[in-house]
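What follows is the residue order along each chain.
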Amino acid sequence: MSQQVSPSATPKRLPTLVSKEREFSWQIASNLFVSFKYAWAGISYSFHTQRNFRIHVAVGSFAIALSLFLHLKPVEIAIIAITSGLVLTLELVNTAIESLVDLTVKQTYHDLAKIAKDCAAGAVLVSAFVALLVAAILLLPPLLALIMTAI
């Protein structure tokens, strides 16, 4: 996949990450591999263009790594992974909603467009707070215990 961000991308113009082969993206994918390829293109687009997506990937990876380091129970690691995955999923949905709204209103201001974007961003924020709460509940006790034994 040789997707490149065009050097002429400005805040008013979206980066060119969609290749000519996606010109007929409204059509159903020809096979399962192609469906996965398109899904990965969406994840890749979000990673390359959305700062918050990259932050959530880093924080989620750190939380999972820390839970492995602290030898949490498998179910606790799974809970941290699920909540981290939920944040990433909602960040992808947020990006999709923002792109669709921009397409619909042609990147001009509209009160309903603002509401749609703000609500989608709010969903990500709520999920991030919940993930933070879950991580604090599961990671802080063993982390504090490790610190206390080291002191």
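In the block above lies the structure referred to throughout.
Note that the structure is predicted; figures quoted are calculated from it, not measured. (Residues numbered from 1 in each chain as written. Predicted model: local features only at pLDDT ≥ 70, side-chain atom pairs only at ≥ 80, totals over all residues. Heavy atoms only, no water.)

Draft legend 1. Broad picture of the overall build of the protein. Helix and strand counts for the protein come out as four helices and zero strands. In the protein, the order of α-helices and β-strands from amino to carboxyl end is α-α-α-α. The buried share of the protein, reckoned over its 151 residues, is 23%. For the protein, contacts bridging at least 24 residues in sequence account for 62% of all contacts bridging at least 6. Summed over its atoms, the accessible surface of the protein is roughly 10,800 Å², and 72% of this surface lies on carbon and sulfur atoms. (Helix = DSSP H or I, 4+ residues; strand = E, 2+ residues; numbered from the N terminus. Buried < 20%, exposed > 50% of the residue type's maximum accessible area, 1.4 Å probe, protein only. Contact = heavy atoms within 4.5 Å. Areas by Shrake-Rupley, 256 points an atom, 1.4 Å probe, with all protein chains shown as cover.)

Draft legend 2. Looking closely at the environment of Ala81. Its place among the elements puts Ala81 in helix α3 (residues 74–105). For the pair Ala81 and Ser61, spaced 20 residues apart in sequence, the C-alpha to C-alpha distance is 8.6 Å.

Draft legend 3. Just the packing of α3 against helix α4 (residues 111–150), in detail. Two numbers describe how α3 lies on α4: the axes approach to 9 Å, and their chain directions differ by 170°. Overall, the two elements α3 and α4 adopt an arrangement that is roughly antiparallel. Taken together, the residues that form the contact of α3 with α4 break down as 19 nonpolar, three polar and five charged. (Axes fitted to C-alpha atoms, helices over the stretch in contact; angles between N-to-C directions. Parallel < 35°, antiparallel > 145°, perpendicular 65-115°, else oblique. Nonpolar A, V, L, I, M, F, W, Y, C, P; charged D, E, K, R; others polar.)

Draft legend 4. Up close: α3. Across its 32 residues, α3 extends 46 Å between first and last C-alpha, which sits within 8% of the 46 Å expected from 1.5 Å per residue. Restricting attention to buried positions, one finds in α3 the residues Ile77, Ile80, Thr83, Ser84, Val87, Glu91, Asn94, Thr95, Val101 and Val105. Contact partners of the buried residues in α3: α1 (32–49), α2 (51–69) and α4. Residue Lys106 follows α3 closely and has a positive phi angle near 55°. (Expected span 1.5 Å × (residues − 1).)

Draft legend 5. View of the pattern of salt bridges. Overall, the coordinates contain two salt bridges when judged by the stated rule. The shortest N-O distance in the salt bridge between Asp118 and Lys114 comes to 2.4 Å. Taken together, the residues span about one helical turn, with Asp118 and Lys114 both in helix α4 at a distance of four residues. Overall, the relative accessible area of 40% leaves Asp118 in the partly exposed class. (Salt bridge = Lys/Arg side-chain N within 4 Å of Asp/Glu carboxyl O.)

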